[in-house]
Amino acid sequence: MASVSKFLLLIVAALLISAPALDAAQNKPKPGKTKTSSTPPGVMYRFVDETGSTVVKDYLPPEIVPKGYSILNLAGQTLQVVPPVLSKAEQAEEKRRKLQEAADERARKEAIRRDAELIRQFASVEDIMRARDTQLSALDVQISIRNGQTNLLTTQLEEMQRHAADYERRGQSVPSQLLKDIQESQRQIDDNKGFVDAQNGEKNKIAERFKNDIIRFKELQTQRLLRKRDESGVEGTEGTTAVVLCRNNEECRKAWQLAQIYARDNGTRSLEIVTDTLILTGKPMNERDVSLAFSFVPERDQGAQLVLEVSCEKSDQGAALCASERVRNIVAGFENYLNSRLN
């Protein structure tokens, strides 16, 4: 009995000694396979082999690693996609692309902020025009003052130059103080001209900035108007607004040209802005003025919507004018005007 127990103990000891060697033999990588301690158990690898075929295997050849691969679980579901290793040129392009995306995102957020500020600050195109005119008028006052100074200095300079010429005709030296006064007057005149040029340049910048604000404001305003009409199911004319459809690029191009003529002939103010998306006459200045605005809104497939909006002065008389038959005829007559010339 004692001998049997010793025999059993020897067998157990032998098994314990051989177990690590057996585990090492079972886990030894097969030739040509890559296995690391970081590789999770129970996964497969999907990759494109040297023949261009997509294969799924339980090992990953070393030459595949730079080309990219996918890690799958045993059910075939993708756990991770490892992209190819980029070349230096590709890395540079990827960096450029990300920088551009970041810049585009900043521009998008800035545009949203600017739109919100535009809507918060102004209630109508006329409000924007008034703000523009106020700033331009302030600059005009400064320009007028400097021009007046220049005219006075020019008169004084001409007088001093005549005195200097008299001295020279008599063969006498021109007094040094007179020469200094001539030089100083000329300097002031040059300074004033430089100031006026700078202010005129600033006026151009202000006018361009407000023009862009007006165009964007009308785009936002027209978008809101069309959404409300879609929600309410309104078509055609309503109050001081009309929406007319054109069916293709050529028809829309002609319709937009006709809209410019219609605005010129039916508005009491002259055309102020004409672009590919906006036609706008000047703002109403009195109770008899009628201003027209046309917006060009492309459709998704083809054609576009031409949106006409009529506005009057913000007063009781202006409101009565916009509710009058005269304005109703302008609004309702636009579609007939187009149809008679397009068909």
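Residues numbered from 1 in each chain as written. Predicted model: local features only at pLDDT ≥ 70, side-chain atom pairs only at ≥ 80, totals over all residues. Heavy atoms only, no water.

## Focus on the environment of Cys322
Locating Cys322 in the fold gives a position in helix H6 (residues 316-322). What makes Cys322 buried here is its relative accessible area of 17%. Sequence-wise, Cys322 and Ser311 are eleven residues apart; in three dimensions their C-alpha atoms are separated by 6.7 Å. (Helix = DSSP H or I, 4+ residues; strand = E, 2+ residues; numbered from the N terminus. Buried < 20%, exposed > 50% of the residue type's maximum accessible area, 1.4 Å probe, protein only.)

## Observations regarding the layout of surface pockets
Reported here for the second largest pocket is a volume of approximately 320 Å³. Lining the second largest pocket are 22 residues, with Ser124, Glu126, Val310, Ser311 and Cys312 sitting closest to its centre. When contributions to the lining of the second largest pocket are tallied by element, the ones reaching two or more residues are helix H3 (125-169), helix H4 (176-232), strand E8 (278-281), strand E9 (290-298) and strand E10 (304-312). Top contributing element to the lining of the second largest pocket by residue count: E10, with four residues. Its residues placed into classes, the lining of the second largest pocket shows eight nonpolar, eight polar and six charged. (1 Å grid on protein atoms, 1.4 Å probe; cavity = no way out; pocket = protein on both sides within 12 Å on 5 of 7 lines; lining within 4 Å. Points joined across faces, edges and corners; volume = space filled by probe spheres on them. Nonpolar A, V, L, I, M, F, W, Y, C, P; charged D, E, K, R; others polar.)

## Examining the state of the cysteines
By the definition in use, this model includes two disulfides. The disulfide partner of Cys246 is Cys252, and the S-S distance across this bridge is 2.0 Å. Across the disulfide from Cys246 to Cys252, rotation about the S-S bond amounts to roughly 100°, and the bridge is consequently right-handed. Look at Cys246 and you get buried, because its relative accessible area is 4%. In this model Cys312 forms its disulfide with Cys322; the gap between the sulfur atoms is 2.1 Å. Between Cys312 and Cys322 the sulfur-sulfur dihedral comes to about 100°; the bridge is accordingly right-handed. Taken together, the residues span a long stretch of sequence, with Cys312 in strand E10 and Cys322 in helix H6 at a distance of ten residues. There is no split in this pair, since Cys312 and Cys322 are both buried. Described in terms of the sequence order of its bonded cysteines, the disulfide pattern of the protein chain is 1-2, 3-4. (Disulfide = S-S within 2.5 Å.)

## What about the side chain of Asp115?
With respect to the element layout, Asp115 can be found in helix H2 (residues 88-121). On the basis of relative accessible area, Asp115 is assigned to the buried category, the value being 16%. Discounting residues that sit within four places of it in the chain, Asp115 has contacts with Arg216 and Leu220. (Contact = heavy atoms within 4.5 Å.)

## Considerations on the pairing of strand E2 (residues 54-57)
As defined by bridge partners, strand E1 (residues 43-48) adjoins E2 across four bridges and the pair is classed as antiparallel. Bridged to Phe47 within E2 is Val55. If you look at the hairpin formed by E1 and E2, you'll find five residues sitting between the two strands, and Gly52 has a positive phi there, around 90°. (Pairing = 2+ DSSP bridges.)

## Focus: the packing of helix H5 (residues 249-266) against helix H7 (residues 325-342)
Two numbers describe how H5 lies on H7: the axes approach to 10 Å, and their chain directions differ by 135°. With respect to H7, the axis of H5 lies oblique. Remark: the crossing between H5 and H7 carries right-handed chirality. Here Glu251, Lys254, Ala255, Leu258, Ala259, Ile261, Tyr262 and Asn266 of H5 come into contact with H7, specifically with Asn329, Ile330, Gly333, Phe334, Tyr337, Leu338, Arg341 and Leu342. (Axes fitted to C-alpha atoms, helices over the stretch in contact; angles between N-to-C directions. Parallel < 35°, antiparallel > 145°, perpendicular 65-115°, else oblique. Left-handed = near helix turned anticlockwise from the far one by under 90°.)

## Focus on the nonpolar core
Soluble globular proteins: nonpolar side chains tend toward being buried together. In terms of nonpolar packing, the biggest core is built from 28 residues, with Leu292, Phe294, Leu306 and Phe334 touching the most fellow members. Those elements that provide at least two residues to this core are strand E6 (241-246), H5, E9, E10, H6 and H7. If one sorts the elements of this core by residue count, H5 sits on top with seven residues. In this structure, Leu306 is in contact with Ala242, Val243, Val244, Cys246, Ala255, Trp256, Ala259, Ser295, Phe296, Phe334 and Leu338, ignoring residues within four places of it in sequence. In terms of nonpolar packing, the next biggest core, distinct from the first, is built from 16 residues, Phe122, Ile128, Met129 and Phe217 among them. (Core = buried A, V, L, I, M, F, W, Y, C linked by side-chain atoms within 4.5 Å.)

## A word on the packing of aromatic side chains
Centre-to-centre distance and the angle between the planes together describe a pair of aromatic rings. A full pass over the atoms with the stated rule returns six aromatic pairs. With 5.3 Å between their ring centres and 55° between their planes, Tyr262 and Phe334 make a pair best called tilted. Placement of Tyr262 in helix H5 and of Phe334 in helix H7 is noted, with a sequence separation of 72 residues between them. You can call Tyr262 buried: its relative accessible area is 6%. On the basis of an interplanar angle of 50° and a centroid distance of 4.9 Å, the ring pair of Tyr262 and Tyr337 is categorised as tilted. One end of the pair, Tyr262, is in helix H5; the other, Tyr337, is in helix H7, with 75 residues separating them in the sequence. Members of the aromatic cluster, joined through ring pairs, are Tyr262, Phe294, Phe334 and Tyr337. Positioned above the aromatic ring of Phe195 is the side chain of Arg146, whose terminal nitrogen or guanidinium carbon lies 3.9 Å from the ring centre. Positioned above the aromatic ring of Tyr167 is the side chain of Arg170, whose terminal nitrogen or guanidinium carbon lies 5.0 Å from the ring centre. (Phe/Tyr/Trp six-rings, centres within 6.5 Å; stacked < 30°, edge-to-face > 60°. Lys NZ or Arg CZ within 6 Å of the ring centre and 35° of its normal.)

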